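Fold and geometry: a report
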Amino acid sequence: MSLLDAVSPEVSRGGLVLVPVGSVEQHGPHLPLDTDTVIATAVAEELAPLLGGVVAPAVGYGASGEHQSYAGTISIGTTALTTTLVEIGRSLGTWAGRLVFVNGHGGNVFALRDAVAVLRGEGRDVDWVPCAVQDGDAHAGRTETSLLLHLAPGRVRRGYVAPGNTAPLLDLMPTLMAHGVEAVSPNGVLGDPADATAEEGRRLLQEMVAYAYGRSRVSVRR
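Residues numbered from 1 in each chain as written. Predicted model: local features only at pLDDT ≥ 70, side-chain atom pairs only at ≥ 80, totals over all residues. Heavy atoms only, no water.

Looking at the overall build of the protein chain
Counting its secondary structure elements, the protein chain contains 6 helices and 4 strands. Secondary structure elements of the protein chain, listed N to C terminal, follow the sequence β-α-β-α-β-α-β-α-α-α. Relative to its length of 222 residues, the protein chain is compact, with a C-alpha radius of gyration of 17 Å against a globular reference of 17 Å. Split into buried and exposed, the 222 residues of the protein chain put 46% on the buried side. For the protein chain, the proportion of contacts with a sequence separation of at least 24, taken over those separated by at least 6, is 79%. Summing over all exposed atoms, the protein chain offers an accessible surface of approximately 10400 Å²; the carbon and sulfur share of this is 54%. Here the protein chain carries 16 positive and 23 negative side-chain charges, and the mean point of each set is 8 Å from the other. (Helix = DSSP H or I, 4+ residues; strand = E, 2+ residues; numbered from the N terminus. Rg over C-alpha atoms; globule rule 2.2 N^0.38 Å. Buried < 20%, exposed > 50% of the residue type's maximum accessible area, 1.4 Å probe, protein only. Contact = heavy atoms within 4.5 Å. Areas by Shrake-Rupley, 256 points an atom, 1.4 Å probe, with all protein chains shown as cover. Lys, Arg positive; Asp, Glu negative; His and termini not counted. Charge placed at Lys NZ, Arg CZ, Asp CG, Glu CD.)

Points about the pairing of strand β1 (residues 16-21)
Most of β1 sits out of view: 6 of its 6 residues are buried. Side-chain alternation along β1 places Leu16, Leu18 and Pro20 on one buried face and Val17, Val19 and Val21 on a second face that is also buried. Summarising the sheet, β1 and strand β2 (residues 53-55) pair through 3 bridges and their orientation is parallel. Bridge pairing in β2 places Leu16 opposite Gly53. For the crossover that starts at β1, traverses helix α1 (residues 35-51) and ends in the parallel β2, the hand is right-handed. Pairing of β1 with strand β3 (residues 98-103), which is carried by 6 bridges, proceeds in the parallel orientation. Note on β3: the bridge partner recorded for Leu18 is Val100. (Pairing = 2+ DSSP bridges. Right-handed = clockwise from strand over helix to strand, strands pointing away.)

Quick notes on the packing of aromatic side chains
Taken as a whole, this structure holds 0 aromatic pairs when the rule is applied. Taking the ring centre of Trp128 as reference, the NZ or CZ of Arg215 above it sits at 5.7 Å. (Phe/Tyr/Trp six-rings, centres within 6.5 Å; stacked < 30°, edge-to-face > 60°. Lys NZ or Arg CZ within 6 Å of the ring centre and 35° of its normal.)

Side note on a nonpolar patch on the surface
A contiguous nonpolar surface patch, about 250 Å² in accessible area, is contributed by Tyr61, Ile74 and Ile76. Inspection of the secondary structure puts Ile76 in the loop between β2 and α2 (77-92). Taking the relative accessible area as the measure of exposure, Ile76 reaches 32% and is therefore partly exposed. (Patch = residues over 30% accessible without salt bridge, like charges linked within 9 Å, V, L, I, M, F, W, Y side chains within 5 Å. Salt bridge = Lys/Arg side-chain N within 4 Å of Asp/Glu carboxyl O.)

Thoughts on the side chain of Ser23
Structurally, Ser23 is set in the loop between β1 and α1. Exposure remark for Ser23: the relative accessible area of 0% places this residue in the buried category. A polar atom in the side chain of Ser23 sits 2.8 Å from the side chain of Asp36. Aside from chain neighbours lying at most four places away, what touches Ser23 is Leu33, Asp34, Asp36, Thr37, Gly60, Tyr61, Gly62, Ser64 and His105. (Polar contact = N/O pair within 3.5 Å; in protein donor to acceptor, adjacent residues only side chain to side chain.)

Points about the pattern of salt bridges
Counting across every chain of the model gives 10 salt bridges. Here Asp125 makes a salt bridge to Arg98, at a shortest N to O gap of 3.5 Å. Pair noted here: Asp125 is in the loop between α3 (109-121) and β4 (126-130) and Arg98 is in strand β3, with a separation of 27 residues, a long-range link. Judged by its relative accessible area of 31%, Asp125 falls in the partly exposed class. Among the ionic pairs, Arg202 bridges to Glu199, the shortest N-O distance being 2.5 Å.

Details of the packing of α1 against helix α4 (residues 142-151)
Put simply, α1 and α4 touch, their axes get as near as 10 Å, and they point 65 degrees apart. Taken as a pair, α1 and α4 cross one another with a handedness that is left-handed. Across the interface between the two elements, Thr35, Asp36, Val38, Ile39 and Ala42 from α1 touch Glu144, Leu147, Leu148 and Leu151 from α4. Here the contact of α1 with α4 is built from residues that sort into 6 nonpolar, 1 polar and 2 charged. (Axes fitted to C-alpha atoms, helices over the stretch in contact; angles between N-to-C directions. Left-handed = near helix turned anticlockwise from the far one by under 90°. Nonpolar A, V, L, I, M, F, W, Y, C, P; charged D, E, K, R; others polar.)

Section: the environment of Thr41
Mapping Thr41 onto the fold places it in helix α1. Expressed as a C-alpha distance, the spacing of Thr41 and Ala198, which sit 157 residues apart in the sequence, is 17 Å. With residues near it in sequence (within four places) discarded, Thr41 still touches Pro20 and Ala58.

Structure follows, in structure tokens:
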């Protein structure tokens, strides 16, 4: 259930709340700026009935400084995102029993780790899970394009699909971290989306949900 669809008396005290965390950043010439938020929200919505929780509105702004040279990107940075997540956790903690952030953007990881540490230090039951798959490419490539073809096919600019830098991400990271994504991929794509399909996107979403579910169950038994 979406928290926004509920009225206050319907919301269970002491229950689980899932909060998607995404970004507003370039995803090449063919994917929308909120791609990470779309994916994180979809994973959270699939997780909610499995875990018996509700899905809160997504945190749509993230830490996306590596994409800042591209028009359309809006980044609030790690410090501001950390503060935002902490305050969300504190507010939810007045009535929810447990909180899990569902993260769709790699640049948010430092903020998530710091925020979860603060909230746990205050005695709150909080965790975060990534939207992760094995062997996926890094950004706006086959993985994310397949997911969007499954989740929001009308929002994919299919005529603009083009490969970017397909080198392993580990090889690109020193330059990427120092100078941003544009320094390693002028079109903003890390991977090759040419062979993306909606069917692959459906399978990838299931894989993401299964992984996040396993992580969530482990954290329950922590």
